[in-house]
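# Per-entry structural report
Read off the chains here:
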Amino acid sequence: MKYKVIAPGRVNLIGEHTDYNQGFVLPAAIGLFLELTCESKQGRNITATAEGLGVPEIFSLDTLAPVIRDPLWIDYLKGVCWALEKAGHLLSGADISIHSNLPIGSGLSSSAALELATAKALTAANGLEIPLSELALICQQAENEFVKVRCGIMDQYAVALGRKNHALLLDCRSLDYKYIPLSLGKHCLLIIDSRVERSLGSSVYNRRREECEETVRRLSAISKKEFNSLREVTLDDLKECCAYLPDILYRRGRFVVEENIRVQEAAAALQGEDLLSFGYFMKRSHAGLRDLYEVSCPELDLIVDTVVPVNGVLGARMTGAGFGGCALVLLERDVVAAVTRQIEAAFTAMNWCKPYFYTVEIVQGIRLVEIP
Ligand code: GLA
């Protein structure tokens, strides 16, 4: 039996860099997809071909070891095999082929889509039934321990559990989640790929995580309270310790604490169909990511600065890890064309290559199709 898995990318509406701080996130699965076809075979060899990414890769399930260099696309797939077997799910060999219209390395979770598609297809091909939430955790483990990117759980959950026309409000500490309807009316979501390539493997992402951990350690020592994560810290805690905390850690901590509050306020606004307020929170989130967390870049800032004053635009922010990648704009459908032209003109004036634009639908998470 052959299996095909269709895995969407995701866009994060708000709640950036909060997942690995045990906080709240509000992503949604988007209508850009990675398709993976898988047929099991005897033995322990996996052959994987990805359209446009060179010659087929062949590896044995018996010789998998975590990477010690910058990761390649095949490492995500290997990592999932490794993590599945580590969790006690024995796999047989397989032939895998991948086809995708999800831009790679743009902050739309092409890695999580590849991980989840691999996990879902291989478990189906091996007759294993594992709940999607568990597969998401296995995929996160693959990325953390095999690929060595210390990502949180947001992307894997969004790709696995997204729901059509809904955002996923996820508590990354308890892993409780609920769906919030996205009633956009005359508005839509425009994703703008700055085409500045970002690599999560780059040490900057991991460094942010370390800075947050260091902030928690210092806050606990200074305040004599036992904090386990920034999720437990309040703005008052930060203010009280401000004088004893290095400025950079204070700013990282403040962003995360404020962003957690924003996610909950923004989710409530969305629930109440108050898109104006939602747009306001998006703008505040971007300002924090730019000034306090320092993960934006000139191209993303230019996009946000260009679109925010336009009539009909409710909000804009960078989305995903940052350091390049995509911005997200909430705007009236009628002004998409004008906004697109303005950004293209602004980029041309800077001599930067033209960004890519996607007006995306919000779709259901991963889907498995059996091919007889
Ligand atoms: C990447 C990671 C996520 C999350 C975001 C930032 O997408 O994979 O876990 O940390 O960055 O919000």
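Throughout, a residue's number is its position along its own chain's written sequence, starting from 1. Whole-chain, interface and lining totals are the exception, using all residues; otherwise, since this is a predicted model, local features are given only for residues with pLDDT of at least 70 and side-chain atom pairs are given and counted only at 80 or more. Where side-chain values are given, they derive from all heavy atoms of the structure, hydrogens and water being excluded.

### Digging into the pairing of strand β3 (residues 45-50)
Defined as follows: In short, DSSP must find at least two bridges between two strands for them to pair. By the criteria applied, helices consist of DSSP H or I runs no shorter than four residues and strands consist of E runs no shorter than two, each listed in order from the N terminus.
Bridging between β3 and strand β4 (residues 57-60) involves four bridges; their strand directions are antiparallel. Bridge pairing links A48 to E57 in β4. For β3 and strand β5 (residues 93-100), the ladder comprises five bridges, and the chain directions are parallel. Note on β5: the bridge partner recorded for A48 is I96.

### Side note on the environment of K354
Stated formally: Note on exposure labels: buried denotes an accessible area under 20% of the residue type's maximum, exposed denotes more than 50%, and partly exposed covers the range between, all computed with a 1.4 Å probe on protein chains only.
Looking at the secondary structure, you find K354 in the loop between α10 (336-349) and β11 (356-359). Looking at K354, the relative accessible area reads 44%, which means it is partly exposed. Placed 68 residues apart in sequence, K354 and H286 show a C-alpha to C-alpha distance of 22 Å.

### Observations concerning unusual backbone geometry
A positive phi is found at Q22, a non-glycine position, where the angle reads about 65°. Among the structural elements, Q22 can be located in the loop between β1 (2-14) and β2 (24-41). When its relative accessible area of 29% is taken as the criterion, Q22 is described as partly exposed.

### Overview of the site of the ligand
Keep this limit in mind: Working definition: residue near molecule or strand if any one of its non-hydrogen atoms lies within 4 Å of it. We call two N or O atoms a polar contact when they sit within 3.5 Å, provided that within protein one can donate a hydrogen and the other can accept it, with sequence-adjacent residues counted only if both atoms are side-chain atoms. Per-residue accessibility takes into account occlusion by the displayed protein chains alone, with areas from the Shrake-Rupley method and a 1.4 Å probe.
In the vicinity of the ligand, 13 residues are found, and the nearest of them are E16, H17, D19, D155 and Y205. A distance of 2.9 Å is found between an oxygen atom of the ligand and a backbone nitrogen or oxygen belonging to G152. The side chain of Y205 places a nitrogen or oxygen atom 2.6 Å from an oxygen atom of the ligand. Protein contact buries 98% of the 310 Å² of open area that the ligand shows by itself.

### Looking at the domain arrangement of the chain
This is how the line gets drawn: An automatic or database domain assignment is the source of the domain bounds shown. We call two residues contacting when some pair of their heavy atoms lies within 4.5 Å. Summed over both partners, the accessible surface that disappears when two parts come together, traced with a 1.4 Å probe, is what is meant by buried area. Basic side-chain nitrogens of Lys or Arg form a salt bridge, by our definition, when they fall within 4 Å of a carboxyl oxygen of Asp or Glu. Gly is put with the polar residues, along with every residue not named as nonpolar or charged; the nonpolar set is Ala, Val, Leu, Ile, Met, Phe, Trp, Tyr, Cys and Pro, and the charged set is Asp, Glu, Lys and Arg.
Partitioning the chain into structural domains gives domain 1 (2-181 + 363-371) and domain 2 (187-360). Centre-to-centre, using C-alpha coordinates, domain 1 lies 24 Å away from domain 2. The interface is formed by 37 residues belonging to domain 1 together with 45 residues belonging to domain 2. The largest contributions to the domain 1 side of the interface with domain 2 come from I14, H17 and R150, which together make up 20% of the buried area. With a shortest N-O distance of 2.6 Å, R317 and E16 are connected by a salt bridge. Connecting domain 1 to domain 2 are 20 residue pairs in polar contact (both at pLDDT 80 or more). Broken down by secondary-structure element, the contributors of at least two residues to the side of domain 1 that touches domain 2 are β1, β2, β6 (166-171) and β7 (177-181). Residues that form the side of domain 1 that touches domain 2 fall into these classes: 17 nonpolar, 11 polar and nine charged.

### Quick look at the side chain of N21
One can find N21 in the loop between β1 and β2. In contact with N21, not counting residues within four places along its chain, are C212, S229, L230, R231, V256 and Y293.

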